[in-house]
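Chain by chain, the residues:
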Amino acid sequence: VQPVYLFPFLGGEGMKKIQIAIIALFLLVISVPLLGMETGLYTAKNEENRTLAPKAPVTDAKGYEAYFNDHFGFRQELVSLCSLWKSMTGNHLISKEVLKGREGWLFYTTDNADFDPIATYQGKNLYDETRLQTICENLQKITDGLKERNIRFLVVIPPNKCTVYPEYLPEAANKPGEQTRLDQIKNYLKNNSTVDLLDLRPLFAQKKQDATLYYKTDTHWNEYGAFFAAQEILSHLGLTGDSLEDYTVEKSRIDGKDLARMSALSHVMKDDMVSVRPSGGFQAYETAGELDTDKIGVYEREIQAPSMMIYRDSFTVAMFPFLAEHFQKSVSNWTFHIKKSDLEEYQPDIVILEILERNIPFLETMTLEE
């Protein structure tokens, strides 16, 4: 819009001043993000579950561009406004990796089809015979290697959130495939191996009728989901678990969790926090490491029971305390690399591999390492 149309009453000199003011305002606006970043008035918040680009010299054009894109002033506020706008205008992909579903539910997605939960649910990333055989051989070798050491091996695959709650997906995404990779792997292992695989989908299909098992604004299960998963694992191992009646359940409202943070909407969206605690408190106590941050955490309890080591991803964080109540020693290792040196150091009777459904591709490279 030309200034002359906005200010027809101004003469030539007045018009020139208006033009200069508009140019100055424009330069100021586009300079604010850079000034905020370089003066330290604005500090970038990392809420995207990734490492932000490190600072690079201006002479490194590519490095500085990556740094600027992650740290420019008021980035989080602008991302939040963008996400809100997309949400309000019916765009379900409100950020690069967050899909807004129905009734306030958020789902993780990615353009890497091999790890995309939505593509998995829709059966768009099925395995061919070669990849199924590779996974089968890898898990069988680990099973045999542990059996030689008198260690039982169990593979547990928690389902993706959209697998359990597809009814909250946007209509365009709620198109289930005839089978998924987990179906393929489960059937292939059953027919071609002695690998012990626990599929939690039937349990969750039942339990979701009575309780919400995942956070609306997070990729993870809540403590209901973690509790029921732990009890199913214990039952599968032939151990006596707990009843929810022996636990105290408390609920509270909290700010939106990881998917809301990734969209810069954690301050806008709310979620329900569920706390599931034994009436007398947890009896297993931490003796080494830290479950949430360290790769290895060790819990012990003074009871006559087997020892357990679990190789895992982030889903074990909420589940581990419920499992640790039933073992003399419980070791958590945040990795999918099972090492003989770990087995020698911790001497577990049982090794569990917990791997989220969307992380299944990691099974193709798993080995029993030295």
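Residues numbered from 1 in each chain as written. Predicted model: local features only at pLDDT ≥ 70, side-chain atom pairs only at ≥ 80, totals over all residues. Heavy atoms only, no water.

1. Thoughts on the overall build of the protein
Inference 1: Within the protein, the secondary structure is distributed over 13 helices and 14 strands.
Inference 2: The proportion of buried residues among the 370 residues of the protein is 48%.
Inference 3: Excluding contacts between residues fewer than 6 apart, the proportion of contacts in the protein whose partners are at least 24 apart in sequence is 67%.
Inference 4: Entry remark: accessible area of the protein is about 19100 Å², with carbon and sulfur atoms responsible for 53%. (Helix = DSSP H or I, 4+ residues; strand = E, 2+ residues; numbered from the N terminus. Buried < 20%, exposed > 50% of the residue type's maximum accessible area, 1.4 Å probe, protein only. Contact = heavy atoms within 4.5 Å. Areas by Shrake-Rupley, 256 points an atom, 1.4 Å probe, with all protein chains shown as cover.)

2. Describing the side chain of S307
Inference 1: Following the sequence through the fold, S307 ends up in strand β10 (residues 307–311).
Inference 2: Classification of S307 by relative accessible area gives buried; the value is 10%.
Inference 3: A distance of 3.1 Å separates a polar side-chain atom of S307 from the backbone oxygen of Q347. (Polar contact = N/O pair within 3.5 Å; in protein donor to acceptor, adjacent residues only side chain to side chain.)

3. As for the packing of helix α6 (residues 129–147) against helix α8 (residues 181–192)
Inference 1: Direction vectors running N to C along α6 and α8 enclose 60°, while the axes themselves pass 10 Å from each other. With respect to α8, the axis of α6 lies oblique. Two packed elements cross with a definite hand, and for α6 against α8 that hand is right-handed. Two secondary-structure elements touch here, α6 through E129, L132, Q133, I135, C136 and L139 and α8 through Q184, I185, Y188, L189 and N192.
Inference 2: By residue class, the composition of the contact of α6 with α8 is 7 nonpolar, 3 polar and 1 charged. (Axes fitted to C-alpha atoms, helices over the stretch in contact; angles between N-to-C directions. Parallel < 35°, antiparallel > 145°, perpendicular 65-115°, else oblique. Left-handed = near helix turned anticlockwise from the far one by under 90°. Nonpolar A, V, L, I, M, F, W, Y, C, P; charged D, E, K, R; others polar.)

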